[in-house]
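Chain by chain, the residues:
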Amino acid sequence: MTDLPGIVVTGASGRMGRMLTEIVTASERARLVGVLERPGHAWIGQDVGEAMGGAPIGVIVSDDPLEQISQAQAILDFTAPAATVEFAALAAQARCVHVIGTTGLSEEDLSKINAAGRHATIIRAGNMSLGVNLLVQLTKKVAEALDEDYDIEVIEAHHNQKVDAPSGTALMLGQAAADGRGVSLEQNADRGRDGITGARTRGHIGFTAIRGGDIVGEHDVMFATAGERIVLSHIASDRAVFARGALKAALWGQGRKPGEYDMLDVLGLKEN
Ligand SMILES: NC(=O)c1ccc[n+]([C@@H]2O[C@H](COP(=O)([O-])OP(=O)(O)OC[C@H]3O[C@@H](n4cnc5c(N)ncnc54)[C@H](O)[C@@H]3O)[C@@H](O)[C@H]2O)c1
Ligand SMILES: O=C(O)C1=N[C@H](C(=O)O)CCC1
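How each quantity is defined
The residue numbers shown here count from 1 along each chain, following its written sequence. All chains are assigned letters beginning at A, and all ligands numbers beginning at 1, according to the order in which they are written. Reporting in this predicted model follows two pLDDT cut-offs: at least 70 for local features of residues, and 80 or more for side-chain atom pairs to be given and counted; totals over whole chains, interfaces and linings ignore these cut-offs and use all residues. Excluding hydrogens and water, the side-chain values take into account all heavy atoms of the structure. UniProt positions are given in the numbering used here, feature names are shortened, and annotations may be inferred rather than shown by experiment. Runs of H or I in DSSP of at least four residues are treated as helices and runs of E of at least two as strands, each being numbered from the N terminus. Multiplying 1.5 Å by the helix residue count minus one yields the expected span of that helix. For every residue, the accessible area obtained with a 1.4 Å probe (protein chains only) is divided by the maximum for its type, and the residue is called buried under 20%, exposed over 50%, and partly exposed between those limits. For each residue, the test is whether any non-hydrogen atom lies within 4 Å of the molecule or strand; if one does, the residue is near. Two N or O atoms count as a polar contact when they lie within 3.5 Å, although within protein this holds only if one can serve as hydrogen donor and the other as acceptor, and sequence-adjacent residues are included solely when both atoms are side-chain atoms. Areas reported here follow the Shrake-Rupley algorithm with a probe of radius 1.4 Å; residue values treat only the protein chains shown as occluding. Three classes are used: nonpolar for Ala, Val, Leu, Ile, Met, Phe, Trp, Tyr, Cys and Pro, charged for Asp, Glu, Lys and Arg, and polar for all others, with Gly counted as polar. For the domain bounds, the source is a domain assignment made automatically or taken from a database.

An unreviewed UniProt entry annotates the chain as 4-hydroxy-tetrahydrodipicolinate reductase originating from Roseovarius atlanticus. Taken from UniProt, the Subcellular location (unreviewed entry) comment for the chain reads in full: "Cytoplasm".

Here it is in structure tokens:
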């Protein structure tokens with residue numbers, strides 16, 4: 001029992017934090033050794049099982065990341081960019097695996113995370129589900145096969161509390177389309193149409209974000225040309241798919257050398 005990797009879940013009261021806490025608690029391959037919330041949060045000091053409305057499980061919600069991460073083999077982090085950058089530095093100090101699901105990271109955040117990857121094993125993906133990571137590879141292949149006569153549009157839909165757009169998944173899919181086409185996403189992304197935009201620019205990769213209700217996460221990649229459309233689609237209806245992917249990543253990362261990895265590495269889907 002004590003040989004199982006010890007996992008800390010951050011952002012425990014969040015939509016993903018609750019799901020991660022449940023999945024790790026139920027796992028026979030890992031043990032939950034800590035849960036974190038931001039300072040001042042009402043859950044601090046409570047047993048996390050009770051805070052979630054169930055029976056106590058003997059793990060108290062803490063606001064001390066240094067103390068929690070130093071006793072863990074992995075941290076599962078679906079929080080917010082500033083918190084994730086802080087946790088990456090602590091994971092580097094503790095030489096532990098940092099699984100990052102947080103999206104909306106800036107270039108500056110990413111360069112700090114990259115620096116932490118000199119000492120921590122970092123696994124980061126805008127979407128940890130098997131289905132979306134397969135969709136990424138399919139998108140790349142279809143984009144490779146088609147020329148710019150096919151307009152590429154990425155359409156995503158999420159719940160009304162999501163704070164970043166386009167979603168991390170949409171950006172992964174856009175990047176895969178750009179890679180398949182052999183172009184730079186930065187130079188070809190069309191991220192917001194409003195007003196008299198003029199006709200669509202040939203070769204651009206467009207993004208549309210829908211926000212409403214309790215949508216867990218839906219993504220389409222459309223390849224549209226005169227006379228036909230191909231639409232690759234993924235629908236997540238349960239956040240457990242992300243949490244299971246995150247736990248898989250934490251276990252895969254054990255004993256792995258420090259550096260930055262993604263879910264394609266974890267799932268063995270990376271092409272050489
Ligand atoms: N990669 C994926 O597969 C995937 C899947 C779902 C969500 N996400 C991303 O995960 C993030 C969280 O999503 P959510 O829907 O759970 O959000 P949420 O707002 O429900 O939860 C975030 C939690 O993080 C906590 N938090 C913020 N700062 C903290 C700190 N310094 N220390 C500890 N806790 C802190 C908040 O209090 C909150 O409870 C978002 O960026 C989202 O896009 C990624
Ligand atoms: O609920 C969210 O927020 C999600 N975020 C990820 C993204 O930005 O793509 C994954 C899907 C759910």
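Here we look at helix 9 (residues 240–252)
The end-to-end C-alpha distance of helix 9, which contains 13 residues, comes to 18 Å, matching closely the 18 Å that a straight helix rising 1.5 Å per residue would cover. Across the 13 residues that make up helix 9, a large majority, 10, are buried. For helix 9, the full list of buried residues reads A240, F242, A243, G245, A246, L247, A249, A250, L251 and W252.

Re the site of ligand 2
Lining the immediate surroundings of ligand 2 are T103, G126, N127, H158, H159, K162, S167, G168, T169, V216 and F242. Taking G126, its main chain carries an N or O atom lying 3.4 Å from an oxygen atom of ligand 2. At 2.7 Å, a side-chain N or O of K162 approaches an oxygen atom of ligand 2. Relative to its unbound accessible surface of 310 Å², ligand 2 loses 85% to contact with the protein. For the shell around ligand 2, the per-class residue count stands at two nonpolar, eight polar and one charged. Among the domains, domain 1 (6–128 + 239–267) and domain 2 (130–236) are the pair contributing at least three residues each to the shell around ligand 2.

Details of the side chain of Q68
Residue placement: Q68 occurs in helix 3 (residues 65–69). In this structure the side chain of Q68 is engaged in a polar contact, spanning 3.5 Å, whose partner is the backbone nitrogen of V35.

Things to note about the site of ligand 1
Every one of the 20 residues lining ligand 1 counts as a neighbour, but M16, E37, T103, M128 and K162 are closest to it. The contact in question runs from an oxygen atom of ligand 1 to an N or O atom on the backbone of R15, over 2.9 Å. Within the backbone of A125, an N or O atom sits 2.9 Å from a nitrogen atom of ligand 1. Contact with the protein chains covers 81% of the free accessible surface of ligand 1, which is 870 Å². Residue assignment for the shell around ligand 1 shows that the elements contributing at least two residues are helix 1 (15–26) and helix 4 (81–94). A class-by-class count of the residues in the shell around ligand 1 yields seven nonpolar, nine polar and four charged.

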